[in-house]
Amino acid sequence: MFEERRARSRTRQTLIAAHAELRERELIKLSSLASAIAESLRERGVARPAASLIAETGIAIFKSAFERWVEDTKEHDLSHHVRGALEELRLVTAATGAASSTRPPTKASRRTQRSSP
């Protein structure tokens, strides 16, 4: 669907970039889409925080890939850019994961930390 609309998408992105009102509208549409995805995931049994995180991450990957696709002079297909954005996210999170590999504190560990000298 996207491939045959690349020229139109480029024009659309140029217009959106030039007008704050259109950028705001685009963000609202993406936010609504993320909410719908999160709700669908919750209906399938995914816990609320994870569903929201997955949906927002998916939208961020799509947004980044779409922007790269529109600007791509070699005209790779959109899926190429989606895979690239996802791989970039994997690399960044893997690199930072080693430094912060501890789990978030639990209620019990926070109580212990507060009572420790």
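- Going by what an unreviewed UniProt entry lists, the chain is known as MftR C-terminal domain-containing protein and is assigned to Cystobacter ferrugineus.

Let's talk about the pattern of salt bridges
Where charged atoms of side chains with opposite charge meet at close range, the side chains can pair.
For step 1, the next point in the chain: Applying the stated criterion across every chain, the model contains 7 salt bridges.
For step 2, the next point in the chain: Two residues, Arg10 and Glu75, come together in a salt bridge whose shortest N-O distance is 3.5 Å. Highlighted residues: Arg10 in helix α1 (residues 6-18) and Glu75 in the loop between α3 (48-71) and α4 (78-97), separated in sequence by 65 residues.
For step 3, the next point in the chain: On the accessibility criterion, Arg10 (26% relative accessible area) is partly exposed.
For step 4, the next point in the chain: Between Arg42 and Glu39 there is a salt bridge, and its shortest N-O distance comes to 3.1 Å. Here Arg42 and its partner Glu39 are both found in helix α2 (residues 20-43), 3 residues apart, which amounts to about one turn of the helix.
For step 5, the next point in the chain: Through salt bridges with shared partners, one network takes in Arg12, Glu26 and Lys29.

What about the environment of Glu75?
For step 1, the next point in the chain: Of the residues examined, Glu75 reaches a relative accessible area of 47% and is grouped as partly exposed.
For step 2, the next point in the chain: Remark: the alpha-carbon pair of Glu75 and Glu3, spanning 72 residues in sequence, is separated by 9.1 Å.
For step 3, the next point in the chain: If near-sequence neighbours (up to four positions away) are discounted, Glu75 is found in contact with Arg6 and Arg10.
For step 4, the next point in the chain: Polar side-chain contacts of Glu75 include one of 3.5 Å to the side chain of Arg10.

Thresholds, definitions, all that
- Residues numbered from 1 in each chain as written.
- Predicted model: local features only at pLDDT ≥ 70, side-chain atom pairs only at ≥ 80, totals over all residues.
- Heavy atoms only, no water.
- Salt bridge = Lys/Arg side-chain N within 4 Å of Asp/Glu carboxyl O.
- Helix = DSSP H or I, 4+ residues; strand = E, 2+ residues; numbered from the N terminus.
- Buried < 20%, exposed > 50% of the residue type's maximum accessible area, 1.4 Å probe, protein only.
- Contact = heavy atoms within 4.5 Å.
- Polar contact = N/O pair within 3.5 Å; in protein donor to acceptor, adjacent residues only side chain to side chain.

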